[in-house]
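Given next are the chains, with one letter for each unit.
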Amino acid sequence: MNRLSHTPLCCLWVFLGGLTATLTARADAVSAVQLLREGGCGGVLPAAQRLRHSPLLDRAAELWAGGRSPAIAAERSGYEAETAAGLHINGPESSTVQLLKHSGCRTALNPGFHDIGVYRHGSDTWLVLAAAYVVPTRSQAPVLATRALQLVNEVRARGTRCGERSFGPAPTLRLSGALADVAFGHANDMAAHNYFEHEDLAGHSPAERVRAVGYREKLVGENIAYGPKSAEEVVQGWLDSPGHCENIMDPRFAEMGIAYAQGPASKHGLYWVQLLADPQA
C-alpha cells in the first residue's frame, strides 16, 4: 500500500475613438481592461464579463513585477488560483487601452478570468488576471469519481511503466459505492484532524475500515494524496509515483472507490483517498 462576427471598419474606428476619450478621463489599467472586455476589444473578439478588482491580485502583480511568475505570485499573495496570467505594458496611463489592445487583447478578454489586480511603477504596469479555485462540493463527487475511473482504466488498458517495473494491460475496474464511502470517511477524517496516514487515529488499517462496513475482500490497496485539485491531477500524481502506480496497475484489483475532502487545515488542496479491492465471490 502506498500513500501517498467582425465589426465594420467605420464602426470600429468610432468605437475606439470614444473608448480612448473615455479612458483618458479615467486612465487606469483596471478600467482599461473592463472597457476592452465590455467592447470586445473594439469588436474584434466576443465581449466578456467585467472582472472583480482583487487587492490580493494587486499584491500578486507587485510580486510578479519583482520576478515571480503570475501563478506563483498569486499563490504567494494568498489568492488560490485555478488559473492565472499576466500582462505587462510600458507607457503613460493615457495609452493603457491602446497598449493592451495591441499586445494583450486575447488575455484581457479571456472569459475564464474573473478577477484582476494591478501594480504600476513608473511607466510600467503589471496586471494579473485570474480565476479562483473553487473547491468541488460533495455533490460533484460522482462526476469526479467517474472521471478518475476513466483515467485509471485508460492506463490499465494500455499498460504502463511504474518506476523500474513494466506492467502490461490489466482488466478494467468498476466503481464501488461501499469503497467510495469508506474512502470518504478516511479523507474527511484526515482533513478534520490534520493528519496524512493510511492508519487512522483509531489505529485501523484500510483493510479494517473496509471490513467494518461489511465489504468482504480478498485484497485491499489504498493510495492517498494531499494537494491535487482535480481528478486529472491526483491520478497523474499517483502514476508518477512508482508505488502508487503499482497499486493502480495491479491486475488483481477489480473495484475502486475514490473520494476527497477539504477541512480547515487544508486550505491549499484536497485530501484524496483511493481504495482498490478484489471482493470475495
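Throughout what follows, the structure given in this document is the object of discussion. (Residues numbered from 1 in each chain as written. Predicted model: local features only at pLDDT ≥ 70, side-chain atom pairs only at ≥ 80, totals over all residues. Heavy atoms only, no water.)

Overview of the overall build of the chain
From N to C terminus, the chain includes 12 helices and 10 strands. Of all 281 residues assigned to the chain, the portion counted as buried reaches 46%. Taken as a whole, the chain presents about 13800 Å² of accessible surface, with 54% of it coming from carbon and sulfur. (Helix = DSSP H or I, 4+ residues; strand = E, 2+ residues; numbered from the N terminus. Buried < 20%, exposed > 50% of the residue type's maximum accessible area, 1.4 Å probe, protein only. Areas by Shrake-Rupley, 256 points an atom, 1.4 Å probe, with all protein chains shown as cover.)

With respect to the packing of aromatic side chains
For any two aromatic rings, the description comes down to two numbers: the centre-to-centre distance and the angle of the planes. Evaluation of the coordinates by the stated rule reveals 3 aromatic pairs. A cation sits over an aromatic face here: Arg138 above Phe184, 3.7 Å from the ring centre. Above the ring of Tyr133, the side-chain terminus of Lys229 is found at 4.7 Å from the ring centroid. (Phe/Tyr/Trp six-rings, centres within 6.5 Å; stacked < 30°, edge-to-face > 60°. Lys NZ or Arg CZ within 6 Å of the ring centre and 35° of its normal.)

Some details on the sheet that holds strand E7 (residues 174-175)
Strand order in the open sheet made by the 4 strands is E7-E9-E10-E8, with mixed pairing throughout. Only two strands of the sheet have a single partner each, and these edge strands are E7 and strand E8 (217-226). On top of the sheet, helix H12 (residues 242-249) reaches E8 and strand E10 (271-279); it is set at about 140° to E8, its chief contact. (Pairing = 2+ DSSP bridges. Contact = heavy atoms within 4.5 Å. Axes fitted to C-alpha atoms, helices over the stretch in contact; angles between N-to-C directions.)

Description of the layout of surface pockets
Quantified by volume, the largest pocket comes out at close to 150 Å³. Taken together, 13 residues make up the lining of the largest pocket; nearest its centre are Ala141, Pro142, Ala145, Ala180 and Ile258. Looking at the lining of the largest pocket, the elements with two or more residues in it are helix H8 (141-158), helix H9 (177-193) and strand E9 (255-261). Looking at side-chain class alone, the lining of the largest pocket contains 8 nonpolar, 3 polar and 2 charged residues. (1 Å grid on protein atoms, 1.4 Å probe; cavity = no way out; pocket = protein on both sides within 12 Å on 5 of 7 lines; lining within 4 Å. Points joined across faces, edges and corners; volume = space filled by probe spheres on them. Nonpolar A, V, L, I, M, F, W, Y, C, P; charged D, E, K, R; others polar.)

Looking at the pattern of salt bridges
Taken as a whole and judged by the stated rule, the model has 11 salt bridges. Via salt bridges that share partners, Asp200, Arg209 and Glu222 belong to a single interconnected network. (Salt bridge = Lys/Arg side-chain N within 4 Å of Asp/Glu carboxyl O.)

Examining the pairing of E9
Judged by how many residues are buried, E9 sits mostly within the fold: 7 of 7 residues are covered. Both faces of E9 are covered, namely the face carrying Glu255, Gly257, Ala259 and Ala261 and the face carrying Met256, Ile258 and Tyr260. Here 2 bridges tie E7 to E9, and the two strands are oriented parallel to one another. Among the inter-strand pairings, Leu175 is bridged to a residue of E9, identified as Met256. Pairing of E9 with E10, which is carried by 7 bridges, proceeds in the antiparallel orientation. The partner of Ala261 across the bridge, within E10, is Tyr271.

Regarding the nonpolar core
Residues Met256 and Trp272 are the most contacted members of the largest nonpolar core, which totals 28 residues. Within the residue set of this core, elements represented by two or more residues are H8, helix H11 (231-239), H12, E9 and E10. At 8 residues, H8 tops the list of elements feeding residues into this core. By size, the runner-up hydrophobic cluster in this structure holds 20 residues, among which are Val30, Leu51, Leu87 and Ala108. (Core = buried A, V, L, I, M, F, W, Y, C linked by side-chain atoms within 4.5 Å.)

What to know about the state of the cysteines
Taken as a whole, this structure holds 2 disulfides when the rule is applied. A sulfur-sulfur separation of 2.0 Å characterises the disulfide bridge that pairs Cys162 with Cys245. Sign of the S-S torsion, about -60° for the bond between Cys162 and Cys245, identifies this disulfide as left-handed. Residue Cys162 is found in strand E5 (residues 160-162), and its partner Cys245 is found in helix H12; the two are separated by 83 residues along the sequence. (Disulfide = S-S within 2.5 Å.)

What about the side chain of Thr125?
Counting through the fold element by element, Thr125 comes out in strand E4 (residues 124-132). In this structure Thr125 comes out as buried when scored by relative accessible area, which is 3%. A polar contact is formed between the side chain of Thr125 and the side chain of Arg120, at a distance of 2.3 Å. (Polar contact = N/O pair within 3.5 Å; in protein donor to acceptor, adjacent residues only side chain to side chain.)

Examining the packing of H8 against H11
Where H8 meets H11, the axes come as close as 9 Å, and the angle between the chain directions of the two elements is 35°. As H8 packs across H11, the resulting crossing turns out to be right-handed. Here Leu144, Arg147, Ala148, Leu151, Val152 and Val155 of H8 lie close against H11, whose contacting residues are Ala231, Glu232, Val235 and Leu239. Partitioned by chemical class, the residues of the contact of H8 with H11 number 8 nonpolar, no polar and 2 charged. (Left-handed = near helix turned anticlockwise from the far one by under 90°.)

So yeah, pure geometry; function would need other evidence.
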